[in-house]
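# Observations on chain architecture
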Amino acid sequence: MKLAVFDCDGTLIDGQASICAAMEQAFSEHGLPLPPRNDIRRAVGLSLPSAIRTLLPEAEVAQHLELTEAYKRAFRASRQSGELQQPLFGGMVQLLDALRGAGWLLGIATGMSRRGLDHCLATHSLSGHFMTLQTADDHPSKPHPAMLEAALLEAGASPHEAVMIGDTVFDMAMADTAHVRGIGVEWGYHAPSELLAAGAAEVAATPAQLGEILGL
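Described in the following lines is the structure provided in the data block. (Residues numbered from 1 in each chain as written. Predicted model: local features only at pLDDT ≥ 70, side-chain atom pairs only at ≥ 80, totals over all residues. Heavy atoms only, no water.)

### A look at the overall build of the protein chain
- Counting secondary structure elements, the protein chain contains 10 helices and six strands.
- A compact globule built from 216 residues should have a C-alpha radius of gyration of about 17 Å, and the protein chain, at 17 Å, falls within 12% of that.
- With the C-alpha coordinates aligned to their principal axes, the bounding extent of the protein chain is approximately 50 × 35 × 30 Å.
- Evaluated residue by residue, the protein chain yields a buried proportion of 51% over its 216 residues.
- Long-range pairs, those at least 24 residues apart, make up 63% of the contacts in the protein chain between residues at least 6 apart in sequence.
- On the protein chain, roughly 9,400 Å² of surface is accessible, and the fraction owed to carbon and sulfur atoms is 52%.
- Taking the average location of the 14 positive side-chain charges in the protein chain and that of its 25 negative ones, the two points are 4 Å from each other. (Helix = DSSP H or I, 4+ residues; strand = E, 2+ residues; numbered from the N terminus. Rg over C-alpha atoms; globule rule 2.2 N^0.38 Å. Buried < 20%, exposed > 50% of the residue type's maximum accessible area, 1.4 Å probe, protein only. Contact = heavy atoms within 4.5 Å. Areas by Shrake-Rupley, 256 points an atom, 1.4 Å probe, with all protein chains shown as cover. Lys, Arg positive; Asp, Glu negative; His and termini not counted. Charge placed at Lys NZ, Arg CZ, Asp CG, Glu CD.)

### Quick look at the side chain of Thr-135
- Here Thr-135 is to be found in the loop between strand E3 (132–134) and helix H7 (146–155).
- The exposure class of Thr-135 is buried, given its relative accessible area of 1%.
- In this structure, Thr-135 is in contact with Thr-110, Met-112, Ser-113, Arg-114, Leu-117 and Met-147, ignoring residues within four places of it in sequence.

### Things to note about helix H4 (residues 61–81)
- For H4, which comprises 21 residues, the first-to-last C-alpha distance of 30 Å matches the rise-based estimate of 30 Å (1.5 Å per residue) to within 8%.
- Considered for burial, the residues of H4 that qualify are His-64, Leu-67, Thr-68, Ala-70, Tyr-71, Ala-74, Phe-75, Ser-78 and Arg-79.
- Tucked inside the fold, the buried residues of H4 contact helix H1 (16–29), helix H3 (48–55) and helix H6 (114–123). (Expected span 1.5 Å × (residues − 1).)

### Looking at the side chain of Asp-171
- Assignment of secondary structure puts Asp-171 in helix H8 (residues 169–177).
- Look past the residues within four positions of Asp-171 in its chain and what remains in contact with it is Asp-7, Lys-142, Met-164 and Gly-166.

### Focus: the environment of Met-112
- Its place among the elements puts Met-112 in the loop between strand E2 (105–109) and H6.
- Through-space distance from the C-alpha of Met-112 to that of Gly-45 is 7.8 Å; in sequence the pair is 67 residues apart.
- Once residues within four sequence positions are removed from consideration, Met-112 is found in contact with Cys-8, Gln-86, Leu-117, Cys-120, Thr-135 and Ala-136.

### Side note on the sheet that holds E2
- What the six strands build is an open sheet, ordered E3-E2-E1-E4-E5-E6; its pairing is parallel. The sheet terminates laterally at E3 and strand E6 (202–204), the two strands that pair on one side only. Neighbouring strand axes in the sheet, compared pairwise and without regard to direction, differ in orientation by 25° on average.
- The pairing of strand E4 (residues 162–166) with strand E5 (residues 181–185) spans four bridges and is classified as parallel. Note on E5: the bridge partner recorded for Val-163 is Arg-181.
- Helix H5 (residues 92–101) contacts strand E1 (3–6) and E2 of the sheet and is inclined by roughly 155° relative to E1.
- On top of the sheet, H7 reaches E1, E2, E3 and E4; it is set at about 160° to E3, its chief contact. (Pairing = 2+ DSSP bridges. Axes fitted to C-alpha atoms, helices over the stretch in contact; angles between N-to-C directions.)

### Remarks on the nonpolar core
- Judged by nonpolar contacts, the single largest core of 29 residues is most densely connected at Phe-6, Phe-130, Ile-165 and Leu-210.
- Those elements giving two or more residues to this core turn out to be E1, H5, E2, H6, E4, E5 and helix H10 (207–213).
- Once you skip the residues sitting within four places of it in the chain, Leu-210 turns out to touch Phe-6, Leu-95, Ile-165, Ile-183, Val-185, Trp-187 and Ala-204.
- The next biggest cluster of nonpolar side chains, apart from the first, holds 21 residues, and it includes Cys-20, Ala-22, Leu-55 and Ala-59. (Core = buried A, V, L, I, M, F, W, Y, C linked by side-chain atoms within 4.5 Å.)

### Regarding the packing of H3 against H4
- H4 packs onto H3 with a crossing angle of 120° between their chain directions and a minimal axis gap of 9 Å. Taken as axis vectors, H3 and H4 run oblique relative to one another. Along this stretch, H3 crosses H4, giving a crossing that reads as right-handed. Between H3 and H4, the contacting residues are Leu-48, Pro-49, Ile-52 and Arg-53 on the first element and His-64, Leu-67, Thr-68, Tyr-71 and Lys-72 on the second. (Parallel < 35°, antiparallel > 145°, perpendicular 65-115°, else oblique. Left-handed = near helix turned anticlockwise from the far one by under 90°.)

### What about the packing of aromatic side chains?
- Scanning all chains against the criterion turns up two aromatic pairs.
- Seen in terms of ring centroids, Tyr-71 and Phe-75 are 5.7 Å apart; in terms of plane orientation they differ by 15°. Their pairing is stacked. One end of the pair, Tyr-71, and the other, Phe-75, are both in helix H4, four residues apart, so they sit about a helical turn from each other. With respect to class, Tyr-71 is no different from Phe-75; both count as buried.
- Where Phe-89 meets Trp-187, the ring centres are 6.4 Å apart and the plane angle is 55°; that geometry is what we call tilted. Here the residue Phe-89 occupies a position in the loop between H4 and H5, and Trp-187 occupies one in the loop between E5 and helix H9 (192–197), the gap between them amounting to 98 residues. For the pair Phe-89 and Trp-187, a shared accessibility class is recorded, and that class is buried. (Phe/Tyr/Trp six-rings, centres within 6.5 Å; stacked < 30°, edge-to-face > 60°.)

Bear in mind that shape data such as this cannot, by itself, settle questions of function.
This is how it looks when you write it as structure tokens:
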């Protein structure tokens, strides 16, 4: 058995434009200086409350909660208006199809909400590709290993039968803690050197190279 668990944003899709816009709107609503976009991108992968704490560590819990709700409203409005931008990275559909054809089970472990993930997968006609979906709704934020451990349990796989594929140090640290091989991708939000330092066994430059690493 082979289980490939993917991060979503920064690995399968590029949602940085919409994430940055929603975060900037949330901060603007509260009269706060806008965080640098690079800081916002680097927090992608954490659950939303954890990302906001990272961006505004000096704030009180109440303000973190208000910003979280403001972000959700902004993001939801973007989705409802059809302005949400979450394009798939080129070559990902071909990679996912090839893995399934080779007998791999596929999963997702993401800091997104389940509602957001379901919408994203449906938009790209990928809802049937993944047999386990783990989101921030049900687990502590990465790098806590809970969502990856849940994916293993749902798939009936042991750690040595699985890989965790992601673009951030949070993904690689989660994989390391869960004793799962971590494979980084360099088209996301953290640099390859950071991914390797966080425990990645390898870092793929392209989806095609990722397929080669996985034995396709």
